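Residue-level structure breakdown
For reference, the chains in residue letters:
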Amino acid sequence: MGKMFKLFAAVTIISLISGGLLAAVKNGTQERIEYQQLKFVKGPVLKDIFKGAANDPLTDRFKIAEGKNEVNCFVGVFDGKKNTVALEGFGKGFGGDIGVLVAINIENDQIMGIGVTTHSETPGLGARAKQDPAFTAQFKGKTINDPFKVKADGGAVDALSGATVTSRGVCGAILSVSEAYQRLKPAIIQKLKEKA
Amino acid sequence: MAKKSVFQEFSKGLWAEVPPFRLVLGLCPTLAITKSVDNGLGMGIAVTFVLVCSNVLISLLKNLIPKEVRIACYIVIIATFVTVVELSMQAFVYPLFLQLGIFIPLIVVNCILLGRAEAFAAKNGVIASLADGLGMGIGYTLALSALSAIREILGNGTFYKMAVFGPGFEPFRFMVEAPGAFMCLGLMLCVMNVIGKK
């Protein structure tokens, strides 16, 4: 019985120490890891849609709690004012969810730019949504409240040829951002004021 | 085993018992990630760190760990260090982490680590275990770097992402594919054996 106890104690103690150490390391690196993940997954897109911003939208980000979820908001500074936020939304594409970041000017609700972050669309067809600047450029300058729909569905958006489903997915993602934006706008403005 | 000096414990990992070629251990990452030199080097350094830390700690604790549960304890210790490496890589060298992906957590089950813990650190002193871990780790790093250098140069025409041949060079893509890894490793084992025989 004493022997059993010894074996039990050895493994328990080692596991406890290990658990404690790992919790500490995880705590210490969490913020940096999050930053790095955002930087390498969303960084290039953010740079693109925030062209000309005077700050790093990655560092000037904040979270808004919504129910159980937290929404990441990236802030862009233009003309010396924090007047642009980017939100990410998802839409159903051909190969899975498409993530789209939409930068919105909060003064006039205009879209400053959109960019695809994550997708699993067909290379050469749907994947062009990420690479073809002509496709994403058409959203620029529209208001976020527009009902974005591809032309095949009676809307005004030029779909990528051969990739209607993808284009529909991108529109869906923007619509979901639009919904979130309208819901969260007061909270966003509040946060921006606190930070300014 | 006759008593060896600390230097001998260190240097055996560099040639006489270099892990992937002589002990033929840890082949899974050896084959999978040696597509480019930075991957090979990064993996080697990660393994070296874990190997040194776990060797030292296990040799320190060898009298406290009951031998019936030693494997479980070794695995917990190794897994702890591997997770530390994984988190630090995510925090500081995220692109490399993306490249190495699943092979970082898989260091836990890499035979080199448990092999050295069981065969060496559990029977030897702290200094000798440190030397052994360092030697094995550096040997592993060198082996991975050599293998990945050959594969990257022939298969991609680059070394450390810099082009080594003129624009006329047609990359030998086979070398960076999986079968190329086996061929390359086999040939290197063959060369090592030929040199070792003399």
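Residues numbered from 1 in each chain as written. Chains lettered and ligands numbered in written order. Predicted model: local features only at pLDDT ≥ 70, side-chain atom pairs only at ≥ 80, totals over all residues. Heavy atoms only, no water.

A word on the interface of chain A and chain B. Counting residues at the interface gives 18 residues for chain A and 16 residues for chain B. Here chain A packs against chain B, burying approximately 1,700 Å² in sum over the two surfaces, 80% of which is carbon and sulfur. Applying the counting criterion to the chain A and chain B interface returns 1 salt bridge. Across the salt bridge formed by A:Lys3 and B:Glu68, the nearest N and O atoms sit 3.1 Å from each other. In this structure, the connection of chain A to chain B is made through 4 residue pairs in polar contact (both at pLDDT 80 or more). Residues belonging to the side of chain A that touches chain B are distributed by class as follows: 9 nonpolar, 5 polar and 4 charged. (Contact = heavy atoms within 4.5 Å. Buried area = accessible area lost by both parts, 1.4 Å probe. Salt bridge = Lys/Arg side-chain N within 4 Å of Asp/Glu carboxyl O. Polar contact = N/O pair within 3.5 Å; in protein donor to acceptor, adjacent residues only side chain to side chain. Nonpolar A, V, L, I, M, F, W, Y, C, P; charged D, E, K, R; others polar.)

The end-to-end C-alpha distance of helix α5 (residues 164–195) of chain A is 41 Å, clearly below the 46 Å that 32 residues give at a rise of 1.5 Å each. At A:Leu184, α5(A) shows its strongest bend, of approximately 60°, with the proline A:Pro186 following within four residues. (Helix = DSSP H or I, 4+ residues; strand = E, 2+ residues; numbered from the N terminus. Expected span 1.5 Å × (residues − 1). Bend = angle between axes of the 7 residues up to and from the residue.)

Residue and element names in this part refer to chain A. If you check the domain split of chain A, you get domain 1 (1–40) and domain 2 (43–195). Taking the mean C-alpha position of each, domain 1 and domain 2 sit 38 Å from one another. If you look at the interface, domain 1 gives 5 residues, while domain 2 gives 9 residues. The junction of domain 1 with domain 2 conceals about 570 Å² of combined surface from both sides, 52% of it contributed by carbon and sulfur atoms. It is Glu34, Tyr35 and Leu38 that lose the most area in domain 1 upon contact with domain 2, and together they represent 78% of the buried surface on that side. At the surface where domain 1 touches domain 2, the tally comes to 2 salt bridges. Summed over the shared surface of domain 1 and domain 2, the result is 5 residue pairs in polar contact (both at pLDDT 80 or more). Its residues assigned to classes, the side of domain 1 that touches domain 2 shows 3 nonpolar, no polar and 2 charged. (Domains from an automatic or database assignment.)

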